[in-house]
Amino acid sequence: MPQASTNKTASSRDIGIDLGTANTLVYARGHGIVLNEPSVVAVRAGTTTALAVGADAKETIGRTPGSITAIRPLKDGVICDYEAAEEMIRHFVRKAVPGRRTRTRMVICVPSGVTPVERRAIVNASTRAGAKAVHLIEEPMAAAIGAGLPVAEPRGSMVVDIGGGTSEVAVISLGGIVTSRSLRVGGDRLDAAIMDHVRKEHALLIGERTAEHAKLAIGSAWPVPDRPELEDLTFTVRGREKVGGMPKTLALGARDVRAALDEPVEAIIAAVRGTLEECPPELSGDVMEHGIVLTGGGALLPGLDLRMASATGIPVFVADNPLDCVALGSGRCVEDLDTLNGLLTPARG
């Protein structure tokens, strides 16, 4: 759910990267988050020539002529188009850290369920984009650090990070992940669920950007007592009739969108329950006492905290800055790379 923000530049050569399916954030040592842009590359069809990257490229999704293709180099949190990912990382690093970058050290966040092959693809793409050294940190650990949880203490902390491609659930204690689940369900799946629901229930074909706008405008996972007005809201979507192919508009209701989101939301909650079932009893008691913390763009879905609390019987809280928690966690590692090196997986290209 994150949106592009105003970008800054920095001179630091140490950076943390939240390489997300939907958005990429870059944290520069001593400067904070200096870049936040969509993870999209527009290329000329049949070539690897990048015509636009980031916010400019996102505007082309669903609107490109045959000669231009809009690519999302990451799917489900991992690289699916190596060349486009390399070009995107290079572009973002240049934009965030202008000048010479031959000695840049990068801390990059990866899903906890990433395979060795997927890890190697991220390291290789980052190295070719100009990194001297690459360190990887698992997203739930970075999210917990960014949310201010006491990850180094002998106390169980539970974080649920819902990004664009994956949802990461983890219980952390003494600087390590004790038990975790990585679910390839995130903001993209929520958008796809709305598209499928509108197609099946209303015989209308809509695009992913339209579905995302509907989710942001009237989406919810549970009735919210503090926002009763949400129940009666509608959002006008425009698309193409499934039969006949003519353009059509539809007033989509908030309850309709909630019904569409039910399956992926329940999958996330099932992953939370599964992680709790595998958690050692002592740490379960800590989680019961201190609650579950939600991070990522999906944490902003109204009613998700209430629905998760009802399903688990545990208090659920949304982090103060959920969109930036993973990037801030990688940045904390960048700021104190030597001290926090035990949380990272070193790798060189």
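Computed from a predicted structure; not experimentally measured. (Residues numbered from 1 in each chain as written. Predicted model: local features only at pLDDT ≥ 70, side-chain atom pairs only at ≥ 80, totals over all residues. Heavy atoms only, no water.)

Colleague: What is the right way to read the overall build of the protein chain from this model?
Modeller: Tallying secondary structure elements over the protein chain gives 10 helices and 19 strands in all. Buried residues in the protein chain amount to 52% of all 349 residues. Within the protein chain, contacts between residues separated by at least 24 positions form 64% of all contacts whose residues are at least 6 apart in sequence. (Helix = DSSP H or I, 4+ residues; strand = E, 2+ residues; numbered from the N terminus. Buried < 20%, exposed > 50% of the residue type's maximum accessible area, 1.4 Å probe, protein only. Contact = heavy atoms within 4.5 Å.)

Colleague: Can you walk me through the UniProt feature "binding site: ATP" (unreviewed entry) in the protein chain in this structure?
Modeller: Taking the UniProt record as the reference, the feature "binding site: ATP" (unreviewed entry) is found at T21, A22, N23, G164, G165, T166, G297, G298, A299 and L300. Take G297: it is sitting in the loop between β17 (292-295) and α9 (304-312). With relative accessibility at 5%, the residue G297 sits in the buried group. Tracing the chain through its elements places A299 in the loop between β17 and α9. Leaving out residues up to four positions away in the same chain, A299 has contacts with I162, L294, V318 and P322. (UniProt positions renumbered as here; feature names shortened; annotations may be inferred.)

Colleague: Would you mind going over the environment of S157 with me for this structure?
Modeller: Its location among the elements puts S157 in strand β11 (residues 157-162). Once the C-alpha coordinates of S157 and H290 are considered, the two residues, 133 residues apart in sequence, prove to be 7.6 Å apart. In this structure, S157 is in contact with L149, P150, A170, V171 and I172, ignoring residues within four places of it in sequence.

Colleague: For this particular structure, what's the right way to read the confidence of the model for the protein chain?
Modeller: Where the model shows low pLDDT, its predicted coordinates should not be examined in detail. Chain-level pLDDT for the protein chain is 88 on average; 90% of the residues reach the 70-or-more range. Under a pLDDT of 50 for its full length, residues 1-5 has, in the predicted model, 20 contacts with residues more than four places off or in other chains. (pLDDT = per-residue confidence, 0-100.)

Colleague: What's the story with helix α8 (residues 281-290) in this structure? I'm lost.
Modeller: An α-helix turns once every 3.6 residues. As a result, residues three or four positions apart point the same way. Every buried residue of α8 is listed here: L283, D286 and V287. On an axial view of α8, the arc spanned by its buried residues comes to 100 degrees, and they lie on one face. Exposed side of α8, more than 90 degrees from the buried face: P281, E282 and E289 are the residues found there. Looking at the packing, one finds that the buried side of α8 touches β11, β12 (167-173), β13 (176-183), α7 (254-278) and β17. G291, located one to two residues past α8, shows a positive phi value of around 90 degrees. (Arc of directions from axis to C-beta.)

Colleague: What is the right way to look at the state of the cysteines in this model?
Modeller: Working definition of a disulfide: a covalent bond connecting the sulfur atoms of two cysteines. A full pass over the atoms with the stated rule returns 0 disulfides. Just so you know, C109 is unpaired, no disulfide at all, and the nearest cysteine sulfur is the one on C333, 7.8 Å from it. Residue class for C109 comes out buried when judged on its relative accessible area of 2%. Given a relative accessible area of 0%, C333 falls into the buried group. (Disulfide = S-S within 2.5 Å.)

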